[in-house]
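# What the coordinates show
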Amino acid sequence: MTELRVLKGVFLKKIPPCTHLCSDRSARYPRVCLPLRFAMDSHTKRLTDTVEHNPEHCLYIIDEEHDESDEFSDLDSAASSVDSTETFIDDVDFGLDQCSNDDISFDEECNSETTPRKRQRTGLSTTSQSPAKSVISRSPSSLPVVQWRGKRRSVRRYIPGFSFTISEVKWQNGDKPDIEPPQPVFRPAGTPGPQVVTTASLSPLQFFELFFSTSVMQTIVNNTNAYGAKCRNGKKPWRDITIKEFRSYLALVIYMGLLKCSSLRDYWRTSNIFSLPYPARIMSSRKFHMISQSIHISDPKEDEENDKKKGTAEYDRLCRIKPLYQQIREACKDSFHPFQNISIDERMVAAKARNGLKQYMKNSPTQWGYKLFVLADSCCGYTWDFFVYEGKSNLERSKGISYDSVMTLANEKLLGTGYKLFVDNFYTSPTLFRDLLRKKIWACGTVRPNRMGHSEKPPPRGNIRWFRDDNLLFLEWKDKKEVLICSTFHKAYNGDTVKRKVKKNGAWVIKDFPVPAAVLDINKHRGGVDLSNMLLGYYTVLHKTMKWYQSFFYHFVDLAVVNAFILHQQMSKEKNQKPLVQKAFRELLVSELAGTGSASPASPIPSVSHMPTFISGDSTIGRRKCKICHRKTPVICVTCGAALCLVPKRECFVDWHESGSFE
């Protein structure tokens, strides 16, 4: 007649269902109408006797002797506060739904073939996507409080890192003034910008060698020769490559990022369609493929010693990329110091190799590959530091990958203090922001909607509401959707506005809406890593490889080229010169690496003392004859006073000052 089941140390008593409470879901195992009895192990027999002698009493019972237990105190109070049978049954229904999240639902016990997706209930909505624990095993402070609002239920949850629950927060309207928090005092550890001699005129190859120095190239050449000789054992003997040949190999790799072909062998084909003379001038197809197959970053002997440690804590998963990996990270830090605004985000190196380092990101443009956590400058996109994600950490002190990655990259000893860090909703948490504030690094980031309470009714567009928790500002701004932000250095509202198109009386009109300063700043400065990823993706040299560590080698080449290009841009701006575009920069770098001559760089803009200006306010009035082509022009030089053309195909202004005629 009765059946006893164990649910996380608590006995679940099943009794024949009451007919007036049966649901149509299952005649044998109804969903909510089973009278339940929970008791401790020592009182099982007493409850069994009670059920057999009084089956008509369907109550939710907790043994009185355990009222002092933290595990059951809230359930006792909940059971005692039931006003009606219907309310009690629905509370039991809520408890079953909570238990189902840990794969211990009553329906799962009845039907083991039912899938988790089919067991999910559509009537209950929660504010968190994380799996909820069983109601029985919760602590009193974290038990959800169910509030009735028609057919929907809202659950008040405890959010880690907050000193209160969301439902207890008193949101403030945007029109209520907020106290502006203390602003950071920017004290960097070094002068922001390129850490090279700004007066020197460096070529693309010299910028590139800041990351791929001669010593780095020599290490790769030595390890490649050792690995090539080992793989050719018993076959055709390996002929050692030199640094000059390795430079030519790098030149071809970068060239293949500029000019894409479906196959590597197409670059050496002599047909009418594939007639590319440049690759054959630099290196033969056989030589290129031989180096590609044998390229090796680490010492093969060290790899063999490391492979013997597989399965132990001493095994290094990044051993095969460690020499170049460490050199590139150090070079990125030494060649540039970030400005005040920085950002941290993920980067994916595309790969589908059978390797434990490979990750899957559903919403990323590159779904399969190796994940890197990157700190970049928000102004120019320079990659200042990064590290490869090796998998979930088993350390007891770990607070999650989002927390650990930010604390690892945001090193105040190397960066300095007073920095403003911008992150997305994967990283934002009160614990992280408070710990960063102790390091004198201010932070701002978006918050996931399930971590903050929403308005019951959709707010109007431009609506602002906020609240403070110590040094943290939480605000919600309504655009097309709700935007939730947490910040440690912003004020709720400074009077800024943003223009949006709205439909009024059947016509689209432009209207101003209030916007918090945090929204404007996060839109402007959060995309530092995205800018770097965009520059990497334009002319990427990455292609399919047979070995997983070669994918990292090509990515490091890409990273060195892009960072070298950003350094060129920054130095050109400091000298008031026009920088090269990335394509021209790569073309010049290929020519210098291959030793085939240098391409003609773009003409620099004259110094500040020689700037063009119009003769009058109207370009058609007061024109004079050009000093070179003798055509009419409305432009003169501020210093020389010479009339010179400055239009497409007639850059007499540049030619005049390059020739030195003004001296």
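Not measured: the values here are computed from a predicted model.

This brings us to the overall build of the protein. Within the protein, the regular secondary structure consists of 20 helices and 25 strands. The proportion of buried residues among the 663 residues of the protein is 44%. Restricting the contact set of the protein to residue pairs at least 6 apart, pairs at least 24 apart contribute 61%.

Moving on, we get to the pattern of salt bridges. Should their charged atoms come close, side chains of opposite charge can pair. In total, this model carries 21 salt bridges according to the counting rule given. When the shortest N-O distance is used, the salt bridge between Asp-266 and Arg-269 registers 3.4 Å. For Asp-266, a relative accessible area of 7% corresponds to the buried category. Residue Arg-269 is classed as partly exposed on the basis of its relative accessible area, which comes to 39%. Two residues, Arg-500 and Asp-479, come together in a salt bridge whose shortest N-O distance is 3.2 Å. Of this pair, Arg-500 sits in strand β20 (residues 497-504) while Asp-479 is found in the loop between β18 (472-478) and β19 (482-487), placing the two residues 21 residues apart along the sequence. Taken together, the shared-partner salt bridges in this structure form one network comprising Arg-239, Glu-245 and Lys-287.

So, about the pairing of strand β16 (residues 441-446). On any regular strand, side chains alternate: one points to one face of the sheet, the next to the other face. Within β16, six of the six residues are buried, which leaves it mostly tucked inside the rest of the structure. Side chains Ile-441, Ala-443 and Gly-445 of β16 all project onto a buried face; the interleaved residues Trp-442, Cys-444 and Thr-446 project onto the opposite face, where all are buried too. As paired elements, strand β15 (residues 419-423) and β16 share five bridges and run parallel to each other. Bridge pairing in β16 links Tyr-419 to Ile-441. Bridging between β16 and β19 involves three bridges; their strand directions are antiparallel. By the bridge assignment for β19, Gly-445 is matched with Cys-486.

Tracing the backbone through its elements, the reader meets Asn-306 in helix α11 (residues 300-307). Taking the relative accessible area as the measure of exposure, Asn-306 reaches 7% and is therefore buried. In this structure the side chain of Asn-306 is engaged in a polar contact, spanning 2.9 Å, whose partner is the backbone oxygen of Asp-316. Every residue in contact with Asn-306, bar those within four places of it in the chain, is listed here: Glu-314, Tyr-315, Asp-316 and Cys-319.

Our focus in this paragraph is the environment of Lys-358. With respect to the helices and strands, Lys-358 occurs in strand β11 (residues 358-360). For Lys-358, a relative accessible area of 25% corresponds to the partly exposed category. The spacing of Lys-358 and Gly-391 is 33 residues in sequence and 9.0 Å in space, taken between C-alpha atoms.

Attention shifts here to the packing of helix α7 (residues 214-231) against helix α8 (residues 243-258). Interaxial distance between α7 and α8 falls to 10 Å at its minimum, and their mutual angle equals 100 degrees. Viewed along their axes, α7 and α8 adopt a mutual orientation that is roughly perpendicular. Contacts from Thr-214, Met-217, Gln-218, Ile-220 and Val-221 of α7 reach α8 at Ile-243, Phe-246, Arg-247 and Leu-250. Its residues assigned to classes, the contact of α7 with α8 comprises six nonpolar, two polar and one charged.

Model confidence for the protein is summarised by a mean pLDDT of 76, while 70% of its residues fall at 70 or above. Across residues 1-45 the pLDDT falls below 50, and counting only partners more than four positions away or on other chains, this stretch makes 100 contacts in the model. Counting contacts from residues 54-160, a segment whose pLDDT is below 50, to residues more than four positions away or on other chains yields 149 contacts.

If you trace the backbone, Asn-223 turns up in helix α7. Among the residues examined, Asn-223 registers a relative accessible area of 10% and is labelled buried. Sequence-distant contacts of Asn-223, defined by excluding residues within four places in its chain, comprise His-296, Ile-297, Ser-298, Asp-299 and Pro-300.

This paragraph deals with the nonpolar core. Grouped together as the largest cluster of nonpolar side chains are 105 residues, with contacts concentrated most on Phe-212 and Phe-553. With 16 residues, helix α18 (residues 548-574) is the single largest residue contributor to this core. In terms of nonpolar packing, the next biggest core, distinct from the first, is built from 18 residues, Phe-422, Ile-464, Phe-489 and Ile-522 among them.

Attention now goes to the environment of Cys-637. With respect to the helices, strands and loops of the structure, Cys-637 is situated in strand β25 (residues 635-637). Each C-alpha atom, one on Cys-637 and one on Phe-614, is 8.7 Å from the other, the two residues being 23 residues apart in sequence.

What follows covers the state of the cysteines. A complete count under the given rule lists zero disulfides for this structure. You can see Cys-626 has no disulfide; the closest cysteine sulfur is in Cys-629, sitting 3.7 Å from it. The exposure class of Cys-626 is buried, given its relative accessible area of 2%.

Bringing the packing of aromatic side chains into the picture now. Counted by the stated rule, this structure contains 30 aromatic pairs. With 5.4 Å between their ring centres and 45 degrees between their planes, Trp-268 and Phe-288 make a pair best called tilted. Separated by 20 residues along the polypeptide, Trp-268 in the loop between α8 and α9 (277-282) and Phe-288 in helix α10 (residues 285-294) bring together distant segments of the chain. Relative accessible area serves as the criterion here: at 15%, Trp-268 is assigned to the buried category. Among the residues examined, Phe-288 registers a relative accessible area of 0% and is labelled buried.

A separate point is α18. The end-to-end C-alpha distance of α18 is 40 Å, a good match for the 39 Å that 27 residues give at a rise of 1.5 Å each. Most of α18 is tucked away: 24 of the 27 residues are buried. Remark: Asn-576 follows α18 within two positions and exhibits a positive phi of approximately 60 degrees.

Parameters and conventions
Residues numbered from 1 in each chain as written. Predicted model: local features only at pLDDT ≥ 70, side-chain atom pairs only at ≥ 80, totals over all residues. Heavy atoms only, no water. Helix = DSSP H or I, 4+ residues; strand = E, 2+ residues; numbered from the N terminus. Buried < 20%, exposed > 50% of the residue type's maximum accessible area, 1.4 Å probe, protein only. Contact = heavy atoms within 4.5 Å. Salt bridge = Lys/Arg side-chain N within 4 Å of Asp/Glu carboxyl O. Pairing = 2+ DSSP bridges. Polar contact = N/O pair within 3.5 Å; in protein donor to acceptor, adjacent residues only side chain to side chain. Axes fitted to C-alpha atoms, helices over the stretch in contact; angles between N-to-C directions. Parallel < 35°, antiparallel > 145°, perpendicular 65-115°, else oblique. Nonpolar A, V, L, I, M, F, W, Y, C, P; charged D, E, K, R; others polar. pLDDT = per-residue confidence, 0-100. Core = buried A, V, L, I, M, F, W, Y, C linked by side-chain atoms within 4.5 Å. Disulfide = S-S within 2.5 Å. Phe/Tyr/Trp six-rings, centres within 6.5 Å; stacked < 30°, edge-to-face > 60°. Expected span 1.5 Å × (residues − 1).

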